[in-house]
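Breakdown of the fold
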Amino acid sequence: MLQNAGISFMYQSLVQSEIDAGLLAKLPLQDLQLQHELTLVWIKDSYFAEEYEHLFE
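The paragraphs below set out a description of the structure included in this document. Since the model is a prediction, treat every value here as computed from it, not as a measurement.

Let's shift gears to the overall build of the protein. Within the protein one finds two helices and zero strands. Relative to the globule expectation of 10 Å for 57 residues, the C-alpha radius of gyration of the protein, 18 Å, shows a markedly less compact shape. Along the longest, intermediate and shortest principal axes, the C-alpha atoms of the protein span 45 × 25 × 20 Å. Put simply, the protein shows about 6400 Å² of open surface, and 55% of that area lies on carbon and sulfur atoms.

Further remarks concern a nonpolar patch on the surface. A cluster of nonpolar residues, Leu 38, Leu 40, Tyr 47, Phe 48, Tyr 52, Leu 55 and Phe 56, forms a patch on the protein surface that exposes about 830 Å² of accessible area. Residue classification places Leu 55 among the exposed residues on the basis of a relative accessible area of 63%.

The rules behind each value
Residues numbered from 1 in each chain as written. Predicted model: local features only at pLDDT ≥ 70, side-chain atom pairs only at ≥ 80, totals over all residues. Heavy atoms only, no water. Helix = DSSP H or I, 4+ residues; strand = E, 2+ residues; numbered from the N terminus. Rg over C-alpha atoms; globule rule 2.2 N^0.38 Å. Areas by Shrake-Rupley, 256 points an atom, 1.4 Å probe, with all protein chains shown as cover. Patch = residues over 30% accessible without salt bridge, like charges linked within 9 Å, V, L, I, M, F, W, Y side chains within 5 Å. Salt bridge = Lys/Arg side-chain N within 4 Å of Asp/Glu carboxyl O. Buried < 20%, exposed > 50% of the residue type's maximum accessible area, 1.4 Å probe, protein only.

Any link to function would need more than the numbers given here.
Here it is in structure tokens:
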């Protein structure tokens, strides 16, 4: 069912078991540089809020 379904970009760790089982194939790309923003969300007034904010500095 997965055959010829398309191409997707995702973290390898999410699909490593499918790669190992031969259900998905990894296509090596040369000279490809991707960047994306990272958004972190936490509960308002979290006990760890100060530590999270320190990560961003």
